[in-house]
Structures are given as C-alpha cells and as structure tokens.
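Each chain, written out:
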Amino acid sequence: MSTPATSSMYEPKRLGRRLAGPIFGALCLFATLIGVVVLAVLLGSVFALVTRYATSENWSSWLANVGGLSSYLGNLLSRLQSSDPESAGFRAGVFGSLWLLGMVTLFSIPVGVGAAVYLEEYAPAGRLKQLIQINIANLAGVPSIVYGILGLAFFVRAFGWEKVALGPTLWAGSLTLSLLILPTIVIATREALRTVPNSLRQAAVALGATRWQVIRDHVLPSSIPGILTGTILALSRAIGETAPLLMVEAAGSILRVPRGPGDRYTALPVEIYSYAKQPEAEFQTVAAGGILLLLALLLTMNSIAIVIRNRYGRGPRN
Amino acid sequence: MKPPVATLIHSGGPPAPEAKIVISAKRLSVWYGSSLALREVTLDIPCNRITSLIGPSGCGKSTLLRCFNRMNDLIPGARMEGTLEFDGEDLTSPGVDAVALRRRIGMVFQKPNPFPKSIYQNVAWGARINGYKGEMDELVERSLRRAALWDEVKSKLNKSGLDLSGGQQQRLCIARTLAVEPEVILMDEPCSALDPISTARVEDLMEDLKKDYTIVIVTHNMQQARRTSDMTACLMLDDAAKDGHRTGIVVEFSTTARMFTNPQDPRTEAYITGRIG
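This one's a predicted model, so the numbers in the text were calculated from it and none came from an experiment.

J.: Can you walk me through the overall build of chain B in this structure?
T.: Along chain B, the regular secondary structure elements total 11 helices and 10 strands. A compact globule built from 277 residues should have a C-alpha radius of gyration of about 19 Å, and chain B, at 19 Å, falls within 12% of that. Its C-alpha atoms give chain B principal-axis dimensions of about 60 × 40 × 40 Å. Within chain B, contacts between residues at least 6 apart in sequence are counted, and of these 72% link residues at least 24 apart.

Right under this line is the structure:
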C-alpha cells in the first residue's frame, strides 16, 4: 500500500480558484452585452432619426410620438418613390422584397433540402462527397457581391445570349439570392438530419422499409424543426442583402409594384440605400424609416423561426 | 499456436435433430473493410426454437446476428463470404432483396427505439409500408396482444410511444416487429437496458412467441441464455488473430443444456463459469 498523501502535499489556492470562476463568468457576460448594447444603440439611433423629423418636437408626449411614428411608417408603406421627402415611401421596395422572399423560398428550399438529403442519406462516403462538402462550406463564405456578379453575368445577361437572358427581373434577382443562401440551407439541413438518431433509421429499415420510406416518414419529419429554423434564418439574410441586388440591377428608381416574376423590381434595402445617398437631410429620416420596416420584417421572420423551434423541437428523442 | 478451425466448428455437435433448419451458415466470414470481424462460422438455426449467441464483448455476436437480416449492409465496407442459407436463398449473394428479407426476418434492438409517433402508428407503420391490405385496427390490436402490451396501452393508443416505460417500449418494438408477420425474430441484447421485472416479462414473451416464430437472441447475460434458449452458440475472440484486428469465431455450438452442464471447449467453460469475459 502506498503511503497516504499528507495535507502538506496540496496547495489549494482557494482564493484564486474561487475568483477565477466569477471572473470568467463576468467576461462572458460582457461579451454577451456587447451584442445587446450594439443592437440597442443601433435601434435607438434609427428611432431618434425617424422621430426627430416625423413626429412633434414635443418629447414629453411619448404617446404622441409612438402614434406619430406608426402613422409615419404607415405612410412610408403606402407611398412610392419620390424626389420629395414628404411624399417618398417604400411601397415598391416592400412588395419587391416580398416577391423576392416568396420566389427565393420556392427555389432554395427544395434544392437546398434535396442536396442535404442526398449528402446525408444517399451519398457514399468517399472523395467525391468530401469534395462536395468542402465546396459547399467554401461557398457559404463567398462574399455576396460575388454572387451578384455571377447573377449579372449568368441570369441577367446569360453571357450575352439575349434569347435566354432574364434581364433585370425578379427571376434574375431571386435566383441570385437563392444561390447565395443555398450553402447555408444545405449546411443547416445537414445538421438537422444528423440529429436524427441512427437507431430510428435502423428500426425502420429492420421492418423492411426502403430508404425512401425511411426518409419520408421518419428522417424528414424528425428534422423539420431544424430545417425550418435554419432555412428561415437564411431567408432573412437574403431579404436583407443589398450588394448582390445592386449588382443584378434591382433599380433604385422603380415607381411601381411588380406585377409578376418577369417584371422589373426594386427591393427594400436597395431603396434604403438610394434614399440614404440623397444629400437632403430629410431623406435620412425616410431611410431610417425604411430600416425600421426592414427590421420589423426580419424580426418577424426570426420570431417565426424561434416559435417553430420551440413548438416542434420539444418532444423527447432518443 | 493456431487451433485447427474445423474442429472448433463442429465441437458442439449438430443441433437437436427433430427441428427443421431455418437459417444455415456455412463457413460464413464477415469483413469490415480489410479487417476480418467473424471467421468461418458454421451453425444452423432451428425452427421454433430460441437460439442464443453468447460471448465476450467485441467477439462478433451482433455482427453475426446482423448478417441474418442484412443489416450490415448499412455499414460501408461490410461484406460476407461463405454461405448463409435462408429459405433456399444464399443471403451472402448481392442479388438478395434485403428490403423484402427484413420483413421476413424482424429485429429488436438493444435500446428500445420506438418511433416518435403514437403507439398505434408505431405498430401500423411497418405493416403499411409493406402494403398490408387487411384491417389495420385489428392487426394493431393482435400485435399488441401478442406482445403482451395491449392491456397496458389500449386506452392510450394515440399517446406517443416514447411516453411508455423502457420495458413497455421494448414490448412495443416487439409488437411492431410482429405486425409485419416475420418468420424469424432477431433480438440484439433486448433486455440489457431493462430492469429485472421488465426483463422477466420479455423472457416470458419470448417463450410464448417461440411457438410461432424462430428467435435468435444475442445476450451478455448467461443466466438469460440458460433460462430462455434451446440452443446456444458461444463466440470468442480468435487468439490466433495477431494482426491487431479483433476476429470472432464460434468456439462451441450445442444445446443449451449441454453447453451449460458439459461444455466441450475449455474457453466456453472458462467463459460460462465466469473466469473470463
């Protein structure tokens, strides 16, 4: 038997150990606060910009300010673009963005989820799969402006082949944004598919199910919360993008709501950008109001993602 | 020194002669990529009997069990050599329809793995995807009764299968397997995650099921093998495999009574008396 260690062999450093935990915790809290504070400052400055012009100078009346702000934003929603800040609005951009949202959803979800299902459930392990994986991971990091250039050359102009060129239409814009967020959707969906326990797949296979039956009835239903959450976050990114849309000629001076997918369009962030470029100070208020509209749209989408995650993600899993 | 393989294979003698043979393995080897997992297994699974596979961890019991319903197909690089006959077909041949085979040879897993669906759907799903034409409610009830679970769940068929206790979940998995009307049921340590009372219920159930089904069970519990099975195969790691891979072999295959009272192989004796493993 070895001799028992005497207490003098230990140097507990109690104070240091006790302090290290709270210090680390405080640093983490600080890191968290940075994000919250930045968002608060951002929102505050936008609100200040809007309220300065849009509402009464009387700051004591908060209710009047809120009322003034919401009626101002309502006006922005109903007005088209104008060179007069008093009658300028975002109607064309809001509808353009909603069109984009719908079309990008239709293009990117089937393709992205399909690619992820192939990679996770079908693709044999090997060089090819590895190559595709690395490629997709890299694509997710490509700057959005590059997708803009691709969209311009490929969709808008079709490398000069005018018969098939889509022109600066919603088709071209939404296809470009779809390409932009595809890698994100593929990665999020693959993560969701990976959380489906293998025991579930095996149970189904052992009953004589084909691979398709297993995917349709077990793998996809179990991973839908994860897929939807990741997809909605990717879609919010698409809706906020400006650079690629400028590249594919989503014009800042479109004076009507698009009538169909083949129509020219503008988008909310593009309009915000073109108002913010104007020299008159009043347009800054209009731009700030547009930012609030965009933020409202994005926060709504993110809230939907959170609700979906909480609603469907709760059930026990093994 | 490498023991001669042939004498090991036949050391247990043939199974009880009165039973029809359902699955017959002859010199069956299993490879995972370049490593040999199971060497030249020869054994016959008799009809309407319980056959248990015992042996220390990593000796290939589950690998052998998963050959019978081609579940090893899910593992990339797994392949079989030799012959494995079931109903006149060699299961090692690549032309075997594994999907159709798995309906006829069902499987119950170590950890209860009900689908995250209702109890009813858990039982009905397998039948439905296999194109069951009959009355589904009736099939669900019959399967749950057969798995001795009906009385406990008949009032909550729409509740999630995951809300049941571990033992109930495992019986639900058995009911789910019975619903596709298999001929053979493979059980991979079905009681290792269960408490003794649930284990006893599953064992009673197996005894009852063997009238209509052939059961092959992998177990770490020697008492369970002794209590429940008619035939026992003892697998060991092959001492002769010195290349770093762990290769399993069947060292003895005989009736359970003989295996536990008069083992022929010294390694079997050492294992069942608790000296190794």
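After that view of the structure, there is still more to cover.
J.: Explain the overall build of chain A to me, please; I cannot follow it from the model alone.
T.: Helix and strand counts for chain A come out as 11 helices and zero strands. Of the regular secondary structure in chain A, the N- to C-terminal order runs α-α-α-α-α-α-α-α-α-α-α. Since a compact globule built from 318 residues should have a radius of gyration of about 20 Å, the 26 Å found for chain A marks it as more spread out than a globular shape. Viewed in the frame of its principal axes, chain A has a C-alpha envelope of about 90 × 60 × 35 Å. Classification of the 318 residues of chain A by burial places 34% in the buried group. By sequence separation, contacts in chain A at least 24 residues apart represent 73% of the contacts at least 6 residues apart.

J.: Whenever I open this one, the domain arrangement of chain A confuses me. Can you help?
T.: Residue and element names in this part refer to chain A. By the assigned domains, chain A splits into domain 1 (14-78) and domain 2 (93-312). Of note, the centres of domain 1 and domain 2, computed from C-alpha atoms alone, are 29 Å apart. At the level of secondary structure, the elements contributing two or more residues to the side of domain 1 that touches domain 2 comprise α1 (14-54) and α2 (62-78). In terms of residues, the side of domain 1 that touches domain 2 owes the most to one element, α1, which gives six residues.

J.: I'm lost on the interface of chain A and chain B in this one. Help?
T.: The accessible area lost on association of the parts is a frequent measure of interface size. Each side of the interface is counted separately: chain A has 20 residues, and chain B has 22 residues. Where the side of chain A that touches chain B is concerned, the elements lending two or more residues are α7 (198-206) and α8 (211-240) of chain A. It is α7 of chain A that contributes the most residues to the side of chain A that touches chain B, six residues altogether. Grouping the constituent residues of the side of chain A that touches chain B by class yields nine nonpolar, nine polar and two charged.

J.: In this structure, what is going on with unusual backbone geometry? I would like to understand it.
T.: Trans is the common state for peptide bonds, and a negative phi is the common state for residues other than glycine. Residue and element names in this part refer to chain B. At Ala148, a position not held by glycine, the phi torsion is positive, near 55°. Inspection of the secondary structure assignment puts Ala148 in the loop between α5 (136-146) and α6 (150-153). Look at Ala148 and you get partly exposed, because 18 C-beta atoms sit within 10 Å. Here Glu181, not a glycine, exhibits a phi torsion of approximately 50°, which is positive. Along the chain, the position of Glu181 falls in the loop between α7 (166-178) and β7 (184-188). Take Glu181: there are 17 C-beta atoms within 10 Å of it, and that puts it in the partly exposed class.

J.: So what exactly am I meant to see when it comes to the nonpolar core here?
T.: As a rule of thumb, nonpolar side chains are buried together in soluble globular proteins. In terms of nonpolar packing, the biggest core is built from 140 residues, with Ala175, Val184, Leu186, Ile215, Val216 and Leu235 of chain B touching the most fellow members. At 14 residues, the largest contribution of residues to this core is made by helix α6 (residues 170-194) of chain A. Sequence-distant contacts of Leu186 of chain B, that is, excluding residues within four places in its chain, are made with Leu65, Phe68, Asn69, Ile105, Gly106, Met107 and Val216 of chain B.

J.: When you look at the pairing of strand β4 (residues 78-86) of chain B in this model, what are you seeing that I'm missing?
T.: It is a general feature of regular strands that their side chains alternate between the two faces of the sheet. All names here are of chain B. Bridge analysis of strand β1 (residues 21-32) against β4 gives eight bridges, and the strand direction is antiparallel. Within β4, the position partnered with Tyr32 by the bridge is Ala78. Sheet topology places β4 next to strand β5 (residues 89-90); two bridges connect them, and they run antiparallel. Its bridge partner lying in β5, Phe86 is registered against Glu89. Counting the residues between successive antiparallel strands, the hairpin from β4 to β5 contains two residues, one of them, Asp87, with a positive phi of roughly 50°.

J.: I tried to follow the environment of Ala204 of chain A on my own but got confused; where do I start?
T.: Residues and elements named next belong to chain A. Take Ala204: it is sitting in helix α7. You can call Ala204 buried: it has 25 C-beta atoms within 10 Å. With 13 residues separating them along the chain, Ala204 and Asp217 place their C-alpha atoms 9.2 Å apart.

J.: Help me out: how do you make sense of the packing of α8 of chain A against helix α11 (residues 281-312) of chain A in this one?
T.: A pair of packed helices is captured by two measures, namely the crossing angle of their axes and the spacing between those axes. Residues and elements named next belong to chain A. For the pair α8 and α11, the least separation of the axes is 8 Å and the interaxial angle reads 175°. Accordingly, the angle class assigned to the pair α8 and α11 is roughly antiparallel. Along its contact with α8, which presents Ile224, Pro225, Leu228, Thr229, Ile232, Leu233, Leu235, Ser236, Ile239 and Gly240, the element α11 presents Leu294, Leu297, Leu298, Met301, Asn302, Ile304, Ala305, Ile308, Arg309 and Tyr312. The residue inventory of the contact of α8 with α11, partitioned by class, reads 15 nonpolar, four polar and one charged.

J.: Honestly, the pairing of strand β6 (residues 105-108) of chain B in this entry has me stumped. Any pointers?
T.: Residue and element names in this part refer to chain B. A two-sided burial pattern is seen for β6, the buried positions comprising Ile105 and Met107 on one face and Gly106 and Val108 on the other. Bridging between β6 and β7 involves four bridges; their strand directions are parallel. Across the sheet, residue Met107 finds its bridge partner in β7, namely Leu186.

J.: In this structure, what is going on with the environment of Tyr32 of chain B? I would like to understand it.
T.: Residue and element names in this part refer to chain B. Here Tyr32 shows up in strand β1. Under the C-beta neighbour-count criterion, Tyr32 is labelled partly exposed, with 16 such atoms within 10 Å. Separated by 47 residues in the primary sequence, Tyr32 and Arg79 place their C-alpha atoms 6.6 Å from one another. Filtering out sequence-adjacent residues up to four positions away, Tyr32 remains in contact with Ala37, Ile75, Gly77 and Ala78.

J.: I keep staring at helix α4 (residues 119-129) of chain B and nothing clicks. Help me out?
T.: It helps to recall that an α-helix has 3.6 residues per turn; residues three or four apart then point in one direction. With respect to burial, α4 of chain B is a largely interior element, eight of its 11 residues being buried. Three or more residues of α4 of chain B are buried, namely Ile119, Asn122, Val123, Ala124, Trp125, Gly126, Ala127 and Ile129 of chain B. Each element contacted by the buried residues of α4 of chain B is listed here: α8 of chain A together with α5, α6 and α7 of chain B. The positive-phi residue at the C-terminal boundary of α4 of chain B is Gly131 of chain B, with phi of around 75°.

J.: So what exactly am I meant to see when it comes to the environment of Leu53 of chain B here?
T.: Residue and element names in this part refer to chain B. Mapped onto the fold, Leu53 is located in strand β3 (residues 50-54). Once the C-alpha coordinates of Leu53 and Val216 are considered, the two residues, 163 residues apart in sequence, prove to be 7.5 Å apart. Filtering out sequence-adjacent residues up to four positions away, Leu53 remains in contact with Lys61, Leu64, Leu65, Val216, Val218, Ala233 and Leu235.

J.: Help me understand the confidence of the model for chain A, please; the structure alone is not making it clear to me.
T.: Detailed reading of the predicted coordinates is not advisable wherever pLDDT is low. Looking at chain A, the pLDDT average stands at 85 and 91% of residues meet or exceed 70. Across chain A, element-level confidence peaks in α7 of chain A with a mean pLDDT of 94 and bottoms out in α2 of chain A with 73.

J.: Whenever I open this one, the packing of helix α3 (residues 91-122) of chain A against helix α10 (residues 268-276) of chain A confuses me. Can you help?
T.: All names here are of chain A. At a minimum axis separation of 7 Å, α3 and α10 run at an interaxial angle of 150°. Of the possible angle classes, the one that applies to α3 and α10 is roughly antiparallel. Taken together, the residues of α10 that come into contact with α3 (itself represented by Gly93, Val94 and Ser97) are Leu268, Val270 and Glu271. Broken down by class, the residue content of the contact of α3 with α10 amounts to three nonpolar, two polar and one charged.

Thresholds, definitions, all that
Residues numbered from 1 in each chain as written. Chains lettered and ligands numbered in written order. Predicted model: local features only at pLDDT ≥ 70, side-chain atom pairs only at ≥ 80, totals over all residues. Helix = DSSP H or I, 4+ residues; strand = E, 2+ residues; numbered from the N terminus. Rg over C-alpha atoms; globule rule 2.2 N^0.38 Å. Contact = placed C-beta atoms within 7 Å. Buried ≥ 20, exposed ≤ 12 C-beta atoms within 10 Å, placed from the backbone. Domains from an automatic or database assignment. Nonpolar A, V, L, I, M, F, W, Y, C, P; charged D, E, K, R; others polar. Core = buried A, V, L, I, M, F, W, Y, C linked by C-beta atoms within 7 Å. Pairing = 2+ DSSP bridges. Axes fitted to C-alpha atoms, helices over the stretch in contact; angles between N-to-C directions. Parallel < 35°, antiparallel > 145°, perpendicular 65-115°, else oblique. pLDDT = per-residue confidence, 0-100.

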